Amino acid sequence: MLATYRTDRSYDWNYRHGPTFAGRVPAVPATPEKAFLGLPVRSRIGIAAGLLLNSRWVALYARLGFDILTYKTVRAAARRSHPMPNWVFLAGARGGFPRGAAASARTAPRRGAAAAALARTVSLGLPSTAPAVRLRDGARARRALGSGQVLNVSVVASPAPGAPAARMVDEFARLAGLACEAGAQIVEANLSCPNVCSAEGDIYHDAALSGRIARAMKRAAGATPVLLKVGYLPARRRLGRLLEAVAGGADGVVMVNGIPARIERPDGAAAFGRGRASAGVLGRMVHAPSVAQVRSAAALVRELGLPLAVIGVGGVATPGDAGDFFAAGAQAVMLGSAPMYDPLLAVRIKRAHPEW
Ligand SMILES: Cc1cc2nc3c(=O)[nH]c(=O)nc-3n(C[C@H](O)[C@H](O)[C@H](O)COP(=O)(O)O)c2cc1C
């Protein structure tokens, strides 16, 4: 089956013409209703921020049976995507990935049908349309959902270099308000983009700042649940500090975003070109570390009695992979890149596990 996102075309092309899906939408199993963050859902299986570029993408994946639909991260002002290439497939890693920032991953040619199960990396730079377009499109996305499906809108601030943190906190709050106006039933702050070279990519490393953002977004979002997307944080003490700082503001944490590594071609040159040496690794290579972090976070939430849901993401390409996250204590599981090659995955997951 053709990938729904054409990696041989630009982000703008995919935004305007995608998703490319020529298949027949199969009957989606009618699974029993359950709750996620107090909202009724048909399953706790969703699409993470990324693949759903606009309401047409949300509509397709809703029809394909994914029930928590995350609208790709939006900014307050329009921003262009990084130029192509935006995607590469990875052969393996050197340097003990994912233990250190010095880890590097080698590119490999894509191997056809196995693509959904491979490790890969994407470098787009968090492009965004203008807010007026998004408000209209958010409403369209919401209308495209069936019963038991929820729209989660991901947002990120765009701090100018050297700007005071308070301005970034205010911007996250303003974006949360805009997302609610556009029809979001959940708002997610992206505190962890591995593919931008500016401060907004690293916020989750600062527990106090993450807590301020969570509380400001909560004030702006009112009854709408707030999630925080965080990155790789293997040190248990630091993870605990982050969770304590955001609990009470955020309703949940989504982890793990792509794990940064230097992405090299076989000749050692940077695969994405100058200024983009590092990018987030996705797929197979990040599954085990993501499950380990979710297990650690779920245990901390229990031990510390924090009012936080933990949502797992990272390398889910089969029902068994999703099961790893539920067994680790996740309350929902989101898929980032595999559904692009395997859009019928939610149907198979629901057939095998209607209780999820
Ligand atoms: C095309 C694409 C774009 C993405 N853009 C975003 C984004 O805008 N915001 C975000 O928080 N994560 C983004 N991600 C990261 C995913 O949400 C997810 O964390 C990552 O892909 C790991 O999951 P996976 O191993 O299932 O792919 C993107 C991923 C992909 C594949």
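Everything below is about the structure printed above this text.
Because the structure is predicted, anything quoted here is derived from the model rather than measured.

K.L.:
Got a minute to help me understand the site of the ligand in this structure?
P.N.:
Taken together, 25 residues surround the ligand, and among them Ala48, Gly50, Thr73, Gly336 and Ser337 come closest. Its residues placed into classes, the shell around the ligand shows 12 nonpolar, 11 polar and two charged.

K.L.:
Sorry, what's going on with the sheet that holds strand β3 (residues 45-47) here?
P.N.:
Hydrogen bonds between backbone atoms are what pair the strands of a sheet, whose relative direction is either parallel or antiparallel. An order of β3-β4-β8-β9-β10-β11-β14-β15 is seen for the eight strands of this closed barrel, with the pairing classed as parallel. Neighbour-to-neighbour, the strand axes of the sheet open up by a mean angle of 25°, direction not taken into account. Here strand β8 (residues 150-155) runs beside strand β9 (residues 186-190); their pairing, made up of four bridges, is parallel. The partner of Ser154 across the bridge, within β9, is Glu188. Across the sheet, helix α7 (residues 284-304) lies against β11 (252-255) and β14 (309-313), angled at about 175° from β14, the strand it touches most.

K.L.:
In this structure, what is going on with the packing of helix α6 (residues 236-246) against α7? I would like to understand it.
P.N.:
Between two packed helices, the angle of one axis relative to the other and the distance separating the axes together describe the packing. Running from N to C, α6 and α7 point in directions that differ by 55°, and their axes come no closer than 10 Å. Here α6 is positioned oblique relative to α7, judged by the angle of their axes. α6 and α7 meet at a crossing whose hand is right-handed. Of the residues in α7, those in contact with Arg236, Leu239, Gly240, Leu243 and Glu244 of α6 are Ser296, Ala297, Leu300, Val301 and Leu304.

K.L.:
Mind showing me how you'd approach the nonpolar core here?
P.N.:
Counting residues in hydrophobic clusters, the biggest one holds 115 residues, and the most contacted among them are Phe172, Met217 and Val253. In this structure, Phe172 is in contact with Val155, Ala157, Ala189, Ile213, Ala216 and Met217, ignoring residues within four places of it in sequence.

K.L.:
Looking at this structure, I do not really get unusual backbone geometry. What am I missing?
P.N.:
Outside of glycine, negative phi angles account for most residues, and trans bonds account for most peptide bonds. Cis geometry marks the peptide bond from Gly18 to Pro19; its omega dihedral reads -5°. With an omega of 20°, the peptide bond running from Met255 to Val256 counts as cis. Along the polypeptide, Val256 turns up in the loop between β11 and β12 (259-264). Notably, Leu37 is not glycine yet its phi reads approximately 50°, a positive angle. In this model, Leu126 sits at a positive phi of 50°, which is unusual for a non-glycine residue. On the secondary structure map, Leu126 appears in the loop between β7 (119-122) and α3 (131-143).

K.L.:
How should the sheet that holds strand β13 (residues 278-283) be read in this particular structure?
P.N.:
On the basis of which strands lie adjacent, the closed barrel formed by five strands has the order β5-β6-β12-β13-β7 and mixed pairing. Shown here is a sheet whose adjacent strand axes are inclined to one another by a mean of 55°, direction ignored. Pairing of strand β5 (residues 87-94) with strand β6 (residues 104-108) involves five bridges; the strand directions are antiparallel. In the sheet register, Arg94 faces β6, and the bridge partner there is Ser104. Each of β5, β7, β12 and β13 touches α7; the most contacted strand, β13, lies at about 80° to it.

K.L.:
Got a minute to help me understand the packing of helix α5 (residues 207-221) against α6 in this structure?
P.N.:
Remark: α5 packs on α6, axes separated minimally by 8 Å, with the N-to-C direction vectors making an angle of 25°. Classified by the angle their axes make, α5 and α6 are roughly parallel. As α5 runs across α6, the sense of the crossing is right-handed. Here Ala207, Ala208, Ser210, Gly211 and Ala214 of α5 come into contact with α6, specifically with Arg241, Leu242, Ala245 and Val246. Each residue belonging to the contact of α5 with α6 can be placed in one class, and the counts come to six nonpolar, two polar and one charged.

K.L.:
How should helix α2 (residues 55-63) be read in this particular structure?
P.N.:
Given 3.6 residues per helical turn, the α-helix brings residues three or four places apart onto the same face. The set of residues buried in α2 consists of Ser55, Trp57, Val58, Leu60, Tyr61 and Ala62. Here the buried face of α2 lies against β3, β4 (68-74), α3 and α9 (338-341). Following α2 by one or two positions, Gly65 adopts a phi angle in the positive range, close to 95°.

K.L.:
In this structure, what is going on with helix α4 (residues 165-181)? I would like to understand it.
P.N.:
Between its first and last C-alpha, α4 extends 25 Å over 17 residues, near the 24 Å set by a 1.5 Å rise per residue. Here the buried face of α4 lies against α3, β8, β9, α5 and β10 (226-230). Taken from the residues just after α4, Gly183 is the one with a positive phi, measuring 110°.

K.L.:
Explain the pairing of β8 here, please?
P.N.:
Two faces belong to every sheet, and in a regular strand the side chains alternate between them. Counting buried residues in β8 gives six out of six residues, a clear majority hidden from the surface. Burial along β8 is two-sided: the residues Val150, Asn152 and Ser154 and Leu151, Val153 and Val155 are all buried. In this structure, β4 lies alongside β8, joined through five bridges in parallel fashion. Within β8, the position partnered with Ile68 by the bridge is Val150. Taken together, β8, α4 and β9 form a β-α-β motif whose crossover is right-handed.

Calculation rules
Residues numbered from 1 in each chain as written. Predicted model: local features only at pLDDT ≥ 70, side-chain atom pairs only at ≥ 80, totals over all residues. Near = placed C-beta within 6 Å. Nonpolar A, V, L, I, M, F, W, Y, C, P; charged D, E, K, R; others polar. Pairing = 2+ DSSP bridges. Helix = DSSP H or I, 4+ residues; strand = E, 2+ residues; numbered from the N terminus. Axes fitted to C-alpha atoms, helices over the stretch in contact; angles between N-to-C directions. Contact = placed C-beta atoms within 7 Å. Parallel < 35°, antiparallel > 145°, perpendicular 65-115°, else oblique. Left-handed = near helix turned anticlockwise from the far one by under 90°. Core = buried A, V, L, I, M, F, W, Y, C linked by C-beta atoms within 7 Å. Buried ≥ 20, exposed ≤ 12 C-beta atoms within 10 Å, placed from the backbone. Expected span 1.5 Å × (residues − 1). Right-handed = clockwise from strand over helix to strand, strands pointing away.

Function cannot be inferred from these measures alone, as they are strictly geometric.
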